[in-house]
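# Coordinates in review
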Amino acid sequence: MKGLHIGKVDRMVHSLFACVLFLAVLFLWHGSYAGSCATLVFPGLIWLAIFNGLLQSRLERKRFSVDYYLDRRSFVHRRLQRNWLSVLISLSAAGVLAAFLVVFAARSRPSDWYFLCAAAAAAPLLFHGLSNSLGRHVRGHSGDRKRRTTLADVLLVRMAGRLLLVGMAAAYVYVNYYLIPVPIGIDPDSLERTLEAFAVSARSACPLVQDVLLIATQMEGLSWYFVTTAATSEWLHDGVGSLLWVAFFLNAAMVFGGVVRGLEGSILLACATVGRQRQE
C-alpha cells in the first residue's frame, strides 16, 4: 500500500510538472514570436504534446474496435493493427489545433493567461481525482506492467480533459462576451483604417510567422468591425453579427481544445515516464 501511495504521488508530481512545462513553452513562444524563425521550435514542442494526446487516445479506440469486432486470426485484423493511419490523422489534427493555439498565445492579452494557468493547474488535479475515484473500476488501472501508458491513463485523462474543456471554454466565452472591453483601433467609418490598426501588432522577424499573424489580426479586425457596426449599419444584417459571434465561439473552442489536448499529452508523457522508472 505504501508503494502504491508513493507511485500516485510520483504521478501527481510528474503530471503537474509536465503541465507547467507545457504552459512555460506557451509563455516562451508568447515572448519570443517576434524574433527569428528559430523560435518556431516552441510551436513544434506544442504540436508534439498535442499529437501525443491525440495519438494515444486514437490508438486505444482503434485497439478496442479491432480486437472487439475482428477475429484475431483474420488477415484484416493484422492489417488494421498497423498504426500509420492513426499517426497521420493525429498529425493532421494536432497541426490544426496547434495552429489555433500558437496564434492565440502570440496575440494573447494578460487576462488570457489567467485561463491558461488555471487550465494547467486543473488538468493534473482532475486527472488524479478521477484516477482515485474511478480508476479502480477501469481495466488496466493496475497489474498491467507491460505498457508504460495504460488504458486507464488514456481513458481517465480524456475524461478529465473533456470536463476541463467544457469548463474553461464556457468561462472564457462568458468573460469575453460580457466583461472584456472592445479593443482599441476600431474606426466605425473606415474598415481599412481598422484593419491597419489591428495589423500593427503583427510584427515578426520570421516571414512565416509574420504572414500568419497578419492574416489572423486582419480577420480579428474584420470581425470586430462588423460586430461593433452591426447595430448602426443599415446594410449589415443582424444575422451576420450573430454568425461572427458563433465564429468567435468556435475559435475559442479550437484554442482551448488545443490547450486541453496538449495538457493531456503532457500528462500521458509524465505517466509513461513514471512507468518506465518503475520498470527499471
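Residues numbered from 1 in each chain as written. Predicted model: local features only at pLDDT ≥ 70, side-chain atom pairs only at ≥ 80, totals over all residues. Heavy atoms only, no water.

### Re the packing of aromatic side chains
One pass over the structure, following the stated rule, counts seven aromatic pairs. Relative to Phe51, the ring of Trp47 has its centre 6.1 Å away and its plane inclined at 20 degrees; by these criteria the two rings are stacked. Highlighted residues: Trp47 and Phe51, both in helix α2 (residues 41-69), separated by four residues, approximately one helical turn. Assessed through its relative accessible area of 29%, Trp47 is described here as partly exposed. On the basis of relative accessibility, which here comes to 15%, the residue Phe51 falls in the buried class. Among the aromatic side chains, those forming a connected cluster through ring pairs are Phe104, Phe115, Tyr172 and Phe256. (Phe/Tyr/Trp six-rings, centres within 6.5 Å; stacked < 30°, edge-to-face > 60°. Helix = DSSP H or I, 4+ residues; strand = E, 2+ residues; numbered from the N terminus. Buried < 20%, exposed > 50% of the residue type's maximum accessible area, 1.4 Å probe, protein only.)

### So, the pattern of salt bridges
Counted according to the given criterion, the structure contains four salt bridges. Arg11 is paired through a salt bridge with Asp153; the nearest N and O atoms lie 2.7 Å apart. Remark: Asp153 occurs in helix α6 (residues 151-178) and Arg11 occurs in helix α1 (residues 2-32); sequence separation between them is 142 residues. The residues Arg11 and Asp153 share a single accessibility class, namely buried. A salt bridge links Glu264 to Arg261; the nearest nitrogen and oxygen atoms lie 2.9 Å apart. Here the residue Glu264 and the residue Arg261 both occupy positions in helix α9 (residues 238-279), the gap between them amounting to three residues, near one helical turn. Like Glu264, the residue Arg261 is buried in the burial classification. Taken together, the salt bridges that share partners define one network made up of Arg158, Arg261 and Glu264. (Salt bridge = Lys/Arg side-chain N within 4 Å of Asp/Glu carboxyl O.)

### Some thoughts on the environment of Gln56
Considering the arrangement of structural elements, one finds Gln56 in helix α2. Between the C-alpha atoms of Gln56 and Thr149, which are 93 residues apart in sequence, the distance is 8.7 Å. Dropping the residues within four chain positions of it, Gln56 is found in contact with Thr149, Val154 and Leu268. (Contact = heavy atoms within 4.5 Å.)

### Here's the deal with helix α5 (residues 112-134)
Taking 1.5 Å per residue, 23 residues should reach 33 Å; α5 reaches 32 Å between its end C-alpha atoms and fits that length. Burial in α5 covers these residues: Asp112, Trp113, Phe115, Leu116, Ala119, Ala120, Ala123, Pro124, Phe127, His128, Leu130 and Ser131. (Expected span 1.5 Å × (residues − 1).)

### Examining the state of the cysteines
For the coordinates displayed, the defined rule picks out one disulfide. Linked covalently through their sulfurs, Cys37 and Cys206 form a disulfide whose S-S length is 2.2 Å. With the S-S dihedral at roughly 95 degrees, the linkage between Cys37 and Cys206 falls on the right-handed side. With Cys37 in the loop between α1 and α2 and Cys206 in the loop between α7 (191-199) and α8 (207-229), the pair connects residues that are 169 residues apart, well separated along the chain. Overall, Cys206 belongs to the buried group, its relative accessible area being 0%. Looking at Cys271, it has no disulfide partner, and the nearest cysteine sulfur is the one in Cys19, 9.8 Å off. A relative accessible area of 2% means that Cys271 is categorised as buried. (Disulfide = S-S within 2.5 Å.)

### As for a nonpolar patch on the surface
Together, Tyr174, Tyr177, Tyr178, Leu179 and Phe249 give the surface a local cluster of nonpolar side chains, amounting to about 570 Å² of exposed area. Summarising the element assignment, Leu179 is placed in the loop between α6 and α7. (Patch = residues over 30% accessible without salt bridge, like charges linked within 9 Å, V, L, I, M, F, W, Y side chains within 5 Å. Areas by Shrake-Rupley, 256 points an atom, 1.4 Å probe, with all protein chains shown as cover.)

### A closer look at the confidence of the model for the protein
Looking at the protein as a whole, the pLDDT averages 80, with 77% of positions reaching at least 70. Ranking the elements of the protein by mean pLDDT puts helix α3 (residues 75-80) last, at 67, and helix α4 (residues 84-106) first, at 91. Scored below 50 in pLDDT, residues 1-6 makes zero contacts in the model with residues more than four places away or belonging to other chains. This model gives residues 141-145 a pLDDT under 50, and the stretch forms seven contacts once residues within four places in sequence are excluded. (pLDDT = per-residue confidence, 0-100.)

### Observations concerning the packing of α5 against α6
Here α5 crosses α6 at 145 degrees, and the two axes come no closer than 8 Å. Here the hand of the crossing between α5 and α6 comes out right-handed. Judged by residue contacts, Asp112, Phe115, Ala118, Ala119, Ala122, Ala123, Leu126, Phe127, Leu130, Ser131 and Leu134 of α5 engage Asp153, Leu156, Val157, Met159, Ala160, Leu163, Leu164, Met168, Ala171, Tyr172 and Val175 from α6. Class assignment of the residues belonging to the contact of α5 with α6 gives a composition of 19 nonpolar, one polar and two charged. (Axes fitted to C-alpha atoms, helices over the stretch in contact; angles between N-to-C directions. Left-handed = near helix turned anticlockwise from the far one by under 90°. Nonpolar A, V, L, I, M, F, W, Y, C, P; charged D, E, K, R; others polar.)

### Some words on the nonpolar core
Counting 54 residues, the largest nonpolar core has Trp29, Ile46, Ile50, Leu101 and Leu263 as the members making the most contacts within it. Where this core is concerned, the elements lending two or more residues are α1, α2, α4, α5, α6, α8 and α9. Per-element tally for this core: the top contributor is α6, with 10 residues. Here Ile46 is in contact with Phe22, Val25, Leu26, Leu101 and Val102, once residues within four sequence places are set aside. (Core = buried A, V, L, I, M, F, W, Y, C linked by side-chain atoms within 4.5 Å.)

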